[in-house]
Amino acid sequence: MKQLHISKDLSLPLDAVTRRMAILAMSGAGKSNLAVVLAEAMYDAGIPWVAIDPKGDWYGVRSNESGKGPGLPIPIFGGLHGDVPLEPTAGHLIADLIINQRLTCVLDVSEFPDRQGMWLFLHDLGERLLRQNREALHLFLEEADEYIPQRPGEKGNLLKCKGVWQRVVKRGRFRGLGSTQISQRSASLDKDTLYQAEVLFALRAAGKGDKDAIEGWVEYHNAASEIIDSLPTLADGEGW
């Protein structure tokens, strides 16, 4: 049986691609590296995935670990390193392309002129994926707190964008959609959506609000309480 090999002593079952996961850690603790390892394992297993990238650094998946050789031969839409640009109104079009071609890709939304445009694009993308997708597809939601926030502080497209991605996380599995919420601002991520995650990767976290968010997940899922006390002392790349 195929598995997703994450490290020497950790493998996940293949059906993790349609499950709900989350990676929480402070900046520099290794959460994006872990997400890329997951993505590479899914690619090796022949499972398509999409990374939503508000930071503009997922282009690195096309290089190997040293940065001097090739990585995954996948297209990048948008951003400074994109093969083709992204427009705020192209969410439905890109979703159709992903669904019809079973496409693995990075959607770099870091260079949109404003966040209203980003939220419009993500709303349309999520809505179409939820409506039309039927086969296994995993979604890496980098900086998820920017479009699934605990307390939306802006009007316009954010509220409807958050609503769509709440439904994608909660109900996506019935449409073949799995998700990994990734955030360095755990306190700012919507807790109702976060607690839907069946698997949590908790790396180093020092802020009280961020530790409280992880503790909330631990209590909700009856996990070991010893996790919380160790969070500030974890080394880079080390986690529960």
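Since the model is a prediction, treat every value here as computed from it, not as a measurement. (Residues numbered from 1 in each chain as written. Predicted model: local features only at pLDDT ≥ 70, side-chain atom pairs only at ≥ 80, totals over all residues. Heavy atoms only, no water.)

Chemist: Before we go on, may I ask you to explain the sheet that holds strand β9 (residues 199-202) in this structure?
Modeler: Two strands in a sheet stick together by hydrogen bonds in their backbones, pointing the same way (parallel) or opposite ways (antiparallel). The strand order β5-β6-β4-β7-β8-β3-β9 describes an open sheet built from 7 strands, whose pairing is parallel. Each edge of the sheet is formed by a strand with only one pairing partner; in this case those strands are β5 (76-77) and β9. For strand β4 (residues 49-53) and strand β7 (residues 137-141), the ladder comprises 4 bridges, and the chain directions are parallel. The residue of β7 that forms the bridge with valine 50 is leucine 139. Seen against the sheet, helix α4 (residues 158-171) touches β3 (20-24), β4, β7 and β8 (177-183) and runs at an angle of roughly 130 degrees to β7. (Pairing = 2+ DSSP bridges. Helix = DSSP H or I, 4+ residues; strand = E, 2+ residues; numbered from the N terminus. Contact = heavy atoms within 4.5 Å. Axes fitted to C-alpha atoms, helices over the stretch in contact; angles between N-to-C directions.)

Chemist: How do you make sense of the environment of leucine 107 when you look at a structure like this?
Modeler: Tracing the backbone through its elements, the reader meets leucine 107 in strand β6 (residues 105-108). When the C-alpha atoms of leucine 107 and aspartate 192 are compared, they prove to be 25 Å apart, with 85 residues separating the residues in sequence. Once residues lying within four places of it in the same chain are set aside, the contact partners of leucine 107 are Val50, Ala51, Ile52, Asp53, Phe77, Leu86, Ile94, Ile98, Phe121 and Leu125.

Chemist: What is the right way to read helix α2 (residues 91-101) from this model?
Modeler: For an α-helix, the turn length of 3.6 residues means that residues three or four places apart are oriented alike. Within the sequence span of α2, burial applies to Gly91, Ile94, Ala95, Ile98 and Ile99. Along the axis of α2, the buried positions cluster into a sector of 130 degrees, meaning they face one direction only. Among the exposed residues of α2, those pointing more than 90 degrees away from its buried face are Leu93, Asn100 and Gln101. Positioned one or two residues after α2, arginine 102 has a phi angle of 50 degrees, which is positive. (Buried < 20%, exposed > 50% of the residue type's maximum accessible area, 1.4 Å probe, protein only. Arc of directions from axis to C-beta.)

Chemist: Any chance you could explain the packing of helix α3 (residues 115-132) against α4 here in plain terms?
Modeler: In the contact formed by α3 and α4, the axes pass within 8 Å of each other and the chain directions differ by 30 degrees. With respect to each other, α3 and α4 are oriented roughly parallel. When the axes of α3 and α4 are compared, the crossing they make is left-handed. Between α3 and α4, the contacting residues are Trp119, Leu120, Leu122, His123, Leu125, Gly126, Glu127 and Leu130 on the first element and Leu158, Lys160, Cys161, Val164, Trp165, Arg167 and Val168 on the second. A per-class count over the contact of α3 with α4 returns 10 nonpolar, 2 polar and 3 charged. (Parallel < 35°, antiparallel > 145°, perpendicular 65-115°, else oblique. Left-handed = near helix turned anticlockwise from the far one by under 90°. Nonpolar A, V, L, I, M, F, W, Y, C, P; charged D, E, K, R; others polar.)

Chemist: Looking at this model, I keep getting lost on the nonpolar core. Mind explaining?
Modeler: Within soluble globular proteins, side chains that are nonpolar generally end up buried alongside one another. Counting 50 residues, the largest nonpolar core has Leu107, Phe121, Leu125 and Trp165 as the members making the most contacts within it. The element best represented in this core is α3, accounting for 7 residues. Once residues within four sequence positions are removed from consideration, phenylalanine 121 is found in contact with Leu86, Glu87, Pro88, Ala90, Gly91, Ile94, Leu107, Val109 and Phe112. Of all hydrophobic cores here, the second largest spans 30 residues; its members include Ala16, Ala25, Ala41 and Leu203. (Core = buried A, V, L, I, M, F, W, Y, C linked by side-chain atoms within 4.5 Å.)

Chemist: Any chance you could explain the pattern of salt bridges here in plain terms?
Modeler: If charged atoms from side chains of opposite charge come close, those side chains can pair. Applying the stated criterion across every chain, the model contains 12 salt bridges. Where glutamate 198 meets arginine 19, a salt bridge forms, and the shortest distance between an N and an O atom there is 2.9 Å. Placement of glutamate 198 in the loop between α5 (191-194) and β9 and of arginine 19 in the loop between β2 (10-13) and β3 is noted, with a sequence separation of 179 residues between them. When its relative accessible area of 26% is taken as the criterion, arginine 19 is described as partly exposed. (Salt bridge = Lys/Arg side-chain N within 4 Å of Asp/Glu carboxyl O.)

Chemist: Would you mind going over unusual backbone geometry with me for this structure?
Modeler: Most peptide bonds adopt trans geometry, and most residues besides glycine take a negative phi value. One non-glycine residue, arginine 102, lies in the positive phi region at around 50 degrees. Tracing the backbone through its elements, the reader meets arginine 102 in the loop between α2 and β6. Arginine 102 sits in the partly exposed class, given a relative accessible area of 24%.

Chemist: Explanation requested: the pairing of β7 in the structure shown.
Modeler: The side chains of a regular strand alternate between the sheet's two faces. Of all the 5 residues making up β7, 5 are buried; the element is thus mostly covered by neighbouring parts of the structure. The two faces of β7 match: Leu137, Leu139 and Leu141 on one face and His138 and Phe140 on the other face are all buried. Sheet analysis places β7 next to β8, joined by 5 bridges and oriented parallel. Counted as the bridge partner of leucine 137 is leucine 177 from β8. For the handedness criterion, the β-α-β arrangement of β7, α4 and β8 is classed as right-handed. (Right-handed = clockwise from strand over helix to strand, strands pointing away.)

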